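# Working through the structure, step by step
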Amino acid sequence: MHRPVQRAGRVQRLPRILVSAAAVPVMLVAAGCSSDSGSGDDSQKDASAGPGATVSASSAAPTIEPAAYTTLPKACSVLSKKSLGELIPKGSKSGKSGKLDEPKQRGNCNWTSLDNNGVKGSQFRWLNVALLRFDSDARGSGDEQAHDYFQKQVSAAQTVEGALDGKSAPVSGTGDEATAVRYGLKKKEGTFKQQTIVARVENVVVTLDYNGAGLAGEKTPDAAALLKAAEKATKEAVAAVAAANGDGGAAGSGSPDPASSSKSSSKSSSAPSASPSRSASGSTSKSASPSQSAAKKS
């Protein structure tokens, strides 16, 4: 008589067990969704951080300005026939290029003149023009490297051993910057008056050395006149460099009239065998772009 009542109690407990069992997978599903949501946020953060870091690194890299001048004229052709006739009256065709010349990078040319006046003595003149171009690279822009080399050349000219009464002064209207250094030197042949003009135009440095002496009793040339002639020649050389790069208005007031000079001409046996001083154009520089050294005299 009481069994039906017991079955009813069992029936009431069964739904409760089923409900509890169903709650377990619901909790597991909720936990899984929560875990997926978290890993998705991390991946989004990583994705957004990657490109931003790359852009920041690339924007921090410095940009180097390309060199303005890409070529050089031949050093033996930067001065006109008229100018050479005034500077080197007996040697305007004696121009000899340097052994270390490299097209578009460096050039060097020197001339020698000996005006023999017989028993009155002789007038000696020596002229050297050196050109050096710098490229922009990891060390800096061509202009910056040329400026550094310009300063070294001026310093070298100011510290020549044995120089007498040395004087330095800026030269106006010649490239971007120019300095003239002059001094005297006593040699066994006589007293030489040395003029060194260093000029920079863009990424090119022009070094012009000009000296003169009266030999065998001839009068020592006027230093002021030699300096004036050297400054004029430097302006012309700087203008030739600018013209070779299609920039006729950036080199000052020089007006080049290039003329080819003969590279083979014998020197007079009575002339000094070498230049009277180690000029600035013969010094070397580790920062030079083409081959780590400055133009040397031949």
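So, here's what we can say about the structure.

Membership of the largest hydrophobic core comes to 33 residues, with the highest contact counts inside it found for L79, L127, L131, Y210 and V241. Among the secondary structure elements, those contributing two or more residues to this core are α2 (81-87), β2 (106-116), β3 (122-133), β5 (177-187), β6 (190-201), β7 (204-215) and α4 (223-244). In terms of residue count, the dominant contributor to this core is α4 (nine residues). Core analysis: the next-biggest nonpolar cluster, separate from the first, contains 13 residues, L132, A146, A157 and Y183 among them.

Okay, the pairing of β5 next. Counted residue by residue, β5 has eight buried out of 11 residues, so it is predominantly covered. Relative to β5, strand β4 (residues 164-170) runs antiparallel, the two being bridged by five bridges. The partner of P170 across the bridge, within β5, is T179. With antiparallel pairing between neighbouring strands as the criterion, β4 and β5 make up a hairpin whose turn holds six residues, including G173 at a positive phi of roughly 65°. Here β5 hands over to β6 after two residues, the two strands then running antiparallel side by side.

Throughout this description, disulfide means a covalent bond between two cysteine sulfur atoms. Following the criterion strictly, the structure yields one disulfide and no others. Covalent S-S linkage joins C76 and C109, the inter-sulfur distance amounting to 2.0 Å. Given an S-S torsion of about 95°, the disulfide between C76 and C109 has right-handed geometry. On the criterion of sequence distance, the pair formed by C76 in the loop between α1 (3-60) and α2 and C109 in strand β2 is long-range, its members being 33 residues apart. For the pair C76 and C109, one class covers both residues: buried.

About the thresholds
- Residues numbered from 1 in each chain as written.
- Predicted model: local features only at pLDDT ≥ 70, side-chain atom pairs only at ≥ 80, totals over all residues.
- Heavy atoms only, no water.
- Core = buried A, V, L, I, M, F, W, Y, C linked by side-chain atoms within 4.5 Å.
- Buried < 20%, exposed > 50% of the residue type's maximum accessible area, 1.4 Å probe, protein only.
- Helix = DSSP H or I, 4+ residues; strand = E, 2+ residues; numbered from the N terminus.
- Pairing = 2+ DSSP bridges.
- Disulfide = S-S within 2.5 Å.

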